[in-house]
Every structure is written in structure tokens, then in C-alpha cells.
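Structural overview for review
As a plain string of letters, each chain reads:
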Amino acid sequence: MMNRVYRRLRHGIVTEKVAFKDEEFENLGLKLQTEISSLFGRSLAIRELDSGSDNAAEIELNNLNAPHYDIERFGISFVASPRHADVLIVTGAVTHNMEIAARKTYDAMPHPKFVVAVGDNACNGGIFQGTYAVNGGADRVLPVDLKIPGNPPSPIEIMKGLLHLMAAIRHKSTGA
Amino acid sequence: MEPFVEQNKIVSPATIDRYFKSGGNREIYLTASEDSFTAIISGLSAKDVTLISLFCVENFEQHKGFTLLYAFEMRGAGNVVILLRHLKGQTATSIARIFPLAVWFEREIRDGFGVDFPDALDKRRLFLHEVYPDDFHPLLKSFKNQPIATQQNIATEKEYKFKEMSGEGVYQIPVGPVHAGIIEPGHFRFSVIGETIFNLEIRMFYKHRGIEKLAEGKTPEQCVPIAEAISGDETVANATAFCMAVEKISETAVPARAWKLRMILLEMERIYSHMGDMAGMVLDTAFPTGASKFFILREEILRQNKTLTGSRFMKGIIRVGGLDRDIPEHTLKEFSNYLEQFSPRCREAIDMVYKVSSVVDRLETTGIIRKELVKPLNITGPAARAAGVPIDTRLDHPYGLYASVTVRTATGSDVMSRFNVKATEIKDSIELCLNLISGIESGEVSAPIQIKDGYALSLVESARGQNLHWVYIRNGIIDRYKVCTASFCNWQAIEHAVQGNIVPDFPLINKSLNLSYAGTDL
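Residues numbered from 1 in each chain as written. Chains lettered and ligands numbered in written order. Predicted model: local features only at pLDDT ≥ 70, side-chain atom pairs only at ≥ 80, totals over all residues.

So, the overall build of chain A
As a reminder, the rule being used: Numbering of helices and strands runs from the N terminus, with a helix taken as a DSSP run of H or I at least four residues long and a strand as a DSSP run of E at least two residues long. Contact between two residues is assigned whenever their backbone-derived C-beta positions fall within 7 Å.
The helix and strand tally for chain A stands at six helices and five strands. Ordering the α and β elements of chain A from the N terminus gives α-α-β-α-β-β-α-β-α-β-α. Seen along its three principal axes, the alpha-carbon backbone of chain A occupies a region of about 65 × 35 × 30 Å. Counting contacts in chain A only where the partners sit at least 6 residues apart, residues at least 24 apart contribute 79% of the total.

Rendered as C-alpha cells:
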């Protein structure tokens, strides 16, 4: 143990300096962090539900955890169970085959809970609107608090959306 | 374009052979009479022939009623032979005893069209889950695509019956459709003894969005975004395959520059897709440091995609006849410079993985897909190549300007082999892109197209394997669009790959193939 401490003192921090830094994203992250601190006691837990997307939105959500974005440092984590989640992110037009699972996922979340639709199909059904296999947008099945359009929205657009969600929650809770 | 000389001839069991070998990378349609059908099928099973797709068309050309199309490929011979079986009524005999892959296809046809296979091995529904009403068959022409009422309270006796394994100490682990990570939905039913997987049954189609029906009645141009929506990370592969079929029907030659740009985008898709798979494999062995390197490189590629096409997933650039817009010379030049420095960093990330014994230990001998399964299950892509089978659509059925592609194989058939194959293919794709950019000519990127009626098959090698598209145009609009991506067949390989492995290795095996749920469920 002491060895490690000495080594650390001798060599300093050895991790590489990252070659990328996106000012816009950093600022968004910090703003979001401030909001999460005051509204959610420092951490926001998100559960992702794919109810019929084309999988591009999942890739972008996964990217939020990857080194370029690494949103955990702002207090946001993607959790494995709806029971641990504050926010449910829904991607894709809700298919009939996923409808039961979507409702069960939402029902398993503790209150207060919020639903965010990510991507055009989740917002309003997109190109699948009015067809036999889907319900339409996520709001046909669940109470949606915020919609983030895009095919798919980029990581930065998703972050902006989450900031809007914080504003909406603040507005609702203060009644202002 | 070369005419299909033997088109729609009635074929006998004795003469079918030569059609595979006549050469020219063509698709040959042959009619099988009901009397000789079984004999033809048994004859084919004795040869080195793979069933690559089986689908139904209603009111095909002059035939009123249902026609089943059986697509066969002989590995090593360029042609695809499509057997037409005109049905008199609503029933047909199953071929699943001879070609086991037909089980899913026949279930799919029954759901879509109501065609019954009385001797089928498995009569459960496939893409229409129990929420759909009985006697609902969305692909029938008599059904107009519109919202329908579904059943959301399922009685116990109507619930899907999984295959039950029993015996002392055997228990089941149900997983999904909603998984723990940020992944697509599907249900995995494990039968386990201790920690060892005894059997796995995969239930898919939770994401069934009705892609094939949605395409019907659209013009080919309107259909390109639908092809792109099949699977987000196969946007270019599927859009290209769809456009290729339409261009074949309409006898349109795509300009060389457009093809070269399409190929660059196709290879970019392969690079970022493989990159993600490798990151996933390494991450699932609990080595995030190694995975981060791949994640960083993949994000850079997604940003390059955005610079080249305006979309991180390269949506909206492929169109019928070529490309929607050109990519400027200086952008290509900068991209080429980027790739030069990308290559050694990619190598470094891969080497780092090989140096960590705890990762290599987990990857080796895990999730073996036996070589013998490749043909009967139509396993394609890196999964087949890692089992030592040298198949690649870019070589077997050349399209665009693909002429020389090195097929990378491995012999281990395990997760490590798939990692190796993907690692080498990234290197090859980078080289291919660099060569394409250095040799690209200026010129048009789109040819004017006069849509004609007809039907055509197209095959494209996506990152996951062979994607098959079949398009039938009537009066200028899509009458039938059949898609069978590589994932559809490769899912069945996972059921075999996991047997005898421990449950904690399942995510690793799954990642090593990283199949598309959306691309299977359609």
C-alpha cells in the first residue's frame, strides 16, 4: 500500500492527456451537472428502452459513455434495471411486439419518473407512422416528458435534450 | 446487360446442376413443377448447395395466388439459382427436414401470408407475436397497411412455448426482451446445468416494424430511407443493396465515381462496425482500458462519416442511380490523410489486447461455431471466415468495382478467431479506401434512371455478412421487397456457439458476432 503511495508521489499522474476536448460539450455537461446536483441529489440514473429503433440511437447512447463524452463525470449513469432509474429513454416507434415489455419497464420504475423519447421514430412514429406493426410515437404508450428528434440525434443533441428536461422539471417543481 | 437466357424454364432434377455453374454471376429463375419439386430439393441437398433465402410473393407475374421462391447458392460458383414454386392453394410441403434453415423462413411465410406447411417441424409463430390477432397476415395484398387492434393481455395458454429441457439439475434462465445494457431487445432462454449452458433458444422479432409491407406501393426513390432503416449500422450496405436491385431491373449503369464513393462508404461502415464489436469484446472481458482505445477510434470514424456525408451513420447519401451528392476532392484528400495516421493507432490498440493474457484467455476456445454448421445454417461474414470458410460476397458475387479482396480466414472458430478476422479486415478496408481515393476519377455521381418493371436479387457484404435483397417492381412501384440480412441466419449460429460454455461467457460470444436485432426483425 505505502509502496503505491510513494510511486504515485514520485511519478505523478501517468494517464495520457486527451487529444480531444469539445468546449461546447464540456459546457453543456457542466451546466447539466449543476442542474442534476440541485434537482436529483447529484446523480441522474437513466434506463434505456429500445422499443423498435434501427439501432443507430443505441450506438449514440452508448457513445455517451465512451471516452469522448464520458457523461458519468457529470453525474449521469445508465443503469441496468428500471428499478434504479429516474429517467426512461425510449428509442424507436413502439412496436406491438414490444408494447407489453415497454409498459412493464415503465411500471417497474419508482416515482418520480420521467420519459424521454429519443429519435424521430420515438417522437412520432417517423416513417412507420400509421402502419400495422407499431403504435406510433412513445407517447402512444407512455407519458412522454420530452422529445429529442433526430435520425438519430447526435450525443451532443441528446445532452442538450437532457438539459431541457432539467429545465422542464425545475419549472414543474417550482411552479414558476 | 446480359439477358437471362434460361429464364423461367421448367427444370428437372437431372439438369439443375449446370445452372449453378454456367457462370456470369447471374441469378437464374427456374420453375419447379410440384411433381418434381421434392426430387429436385433432395438432389440439391446432396450437393454443395446452400439455401440462402426462401420467401413468398402473391400474384407473381402471371400466377394468381402464391409463389414460393427458393434461393440457392453453390459456394464457389457465382450464380444464384431461384426455384419458383407456384402453389395451387394455401399449403405447401416443408423442406426443413432437408434444409434445416428453412424452419424460420417457413414460419415467416406462414405469418406473412397464411401459407400453411402441414409437415413443418415448428409451427409456432415467428414475427407476429401473440399480441397479434389470429388469421392476421400482413403481407397479403388484401390487407391495406393501417393500424390494427392488438391484444395486450395474453392468456397463459396463448403464451409462446419455449422448448423445454428437463433432467436432474437443469434450470432455465430467461433473459430479455429488455436487457441490462443499452442494447436491442430479444429474448434468450437458457437451459443451464450448474453454470454450463445446455441449450439456448433465441426468440427475436420484438422490433418487428413491418419494413417489407411498408415498402409496398412506394416508388423506388421513396423506398431508400426504408432500406436505410432496416439496421442503422448497416445503412450503406442495405441502401446500396436496394439501389443495386433497382438499377439492375432498370438496366442503369452507375458511374464509376459513384461506385468508388459507395465502396469507400461501405468499407467505412465495416471499419466502424468492427471497431465497435472489438471494443465490446474487450469490454466484456472487464478490460475497459483496452476497449477505450477502440471507442476513441470509432468515434473518430463516426465524425469522419459526418464530414464525408453529413451524417454519422451515412444516411441519405446513397440513392437510386448513384449518390445524392458528390464528396469534394479536398474532403477526400483530408480523409485519406486521416486514414494514414489512423492505421498505426488501430494496430497499437489491437496489439495492446494481445498482450493481456486475461483477455486472451477469455477469448480463446470460447463460443466455437463449428465449420460443419456454416453451410446448412447459411452462416456468412466474419463468423464463417473465422471458422475457416473462405466466403465473402465481394468476391463470390462481385458488385460495383470490387475485384480483388483478400478473404481473411482463421481456423479456431472461437471468439478469438472472430476478433482476429475483424482486426485484419479493418486493416484491409483502410487499404481499400486509400487505394480507391488515390485512383478516383472525376465525373458524374449519379446516372439518370428510367424505372422499369421487373424483379432482381442483389447481394452485398455488410460488416456482418451477406445481406440479400429482392425487389419486384410493377407499374413503377414496389410490389414486393424481401430483405434477409446476414443477422437473420447468423442468430441461429449463436444457439450452437454457446452450448457447453458458461453463462458469463454469453455476452462475449454475443458481442463477437454483434448481430443486428433490427436487421432480423424488420
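Observations concerning the interface of chain A and chain B
Rule in force here: Throughout this entry, Asp, Glu, Lys and Arg are counted as charged residues, while Ala, Val, Leu, Ile, Met, Phe, Trp, Tyr, Cys and Pro are counted as nonpolar. The remaining residues, Gly among them, count as polar.
The partner chain B presents 40 residues to the 38 residues of chain A that form the contact. At the level of secondary structure, the elements contributing two or more residues to the side of chain A that touches chain B comprise strand S1 (44–50), helix H3 (56–63) and helix H4 (96–107) of chain A. In terms of residue count, H4 of chain A provides more of the side of chain A that touches chain B than any other element does, seven residues in total. Split by residue class, the side of chain A that touches chain B holds 18 nonpolar, 15 polar and five charged.

Observations regarding the sheet that holds strand S12 (residues 465–474) of chain B
Residues and elements named next belong to chain B. Under the convention used in this document: Two strands are counted as paired when DSSP detects at least two bridges linking them. Interaxial angles span 0 to 180 degrees and are taken between N-to-C directions of axes, which are lines fitted to C-alpha atoms, for helices over the stretch in contact.
Spatially, three strands are ordered S11-S12-S13 in an open sheet, and the strand pairing comes out antiparallel. Two strands close off the open sheet at either side, each with one partner strand: strand S11 (454–462) and strand S13 (477–484). With strand direction ignored, the average angle separating the axes of adjacent strands in the sheet is 15 degrees. Where S11 meets S12, nine bridges bridge the pair, whose relative direction is antiparallel. Pairing of Leu 459 across the sheet is with Leu 468, part of S12. Together, S11 and S12 form the strand contacts of helix H6 (residues 235–249), whose direction differs from that of S11 by roughly 150 degrees.

What to know about the domain arrangement of chain B
Residue and element names in this part refer to chain B. Inclusion rule: Where each domain starts and ends follows an automatic or database-derived domain assignment.
Per the domain assignment, the segments of chain B are domain 1 (1–145 + 155–161), domain 2 (162–203) and domain 3 (211–521). Once you take the C-alpha centre of each, domain 1 and domain 3 turn out to be 26 Å apart. Residue-level contacts link 20 residues of domain 1 with 20 residues of domain 3. Looking at the side of domain 1 that touches domain 3, the element that brings in the most residues is strand S3 (residues 49–58), giving six residues.

Observations concerning the environment of Asp 139 of chain A
As for its placement among the helices and strands, Asp 139 of chain A is situated in the loop between helix H5 (120–124) and strand S5 (146–148). Discounting residues that sit within four places of it in the chain, Asp 139 of chain A has contacts with Ala 117 and Val 144 of chain A.

What to know about the packing of helix H7 (residues 256–283) of chain B against helix H13 (residues 415–438) of chain B
Relative orientation and spacing of two packed helices are given, respectively, by the angle between their axes and the distance between those axes. Residue and element names in this part refer to chain B. Test applied: Every angle not falling under 35 degrees, over 145, or within 65 to 115 is termed oblique; those three ranges are roughly parallel, roughly antiparallel and roughly perpendicular. Put simply, a crossing is left-handed when the front helix is turned counterclockwise from the back one by less than a right angle, and right-handed when it is turned clockwise.
Following both chains from N to C, one finds H7 and H13 inclined at 150 degrees, their axes separated by 9 Å at the closest point. Taken as axis vectors, H7 and H13 run roughly antiparallel relative to one another. Considering only the axes of H7 and H13, their crossing is left-handed. Residues Lys 260, Met 263, Ile 264, Glu 267, Arg 270, Ile 271, His 274, Met 275, Asp 277, Met 278 and Met 281 of H7 form the contact with H13, whose participating residues are Val 415, Phe 419, Lys 422, Ala 423, Glu 425, Ile 426, Ser 429, Ile 430, Leu 432, Cys 433, Leu 436 and Ile 437.

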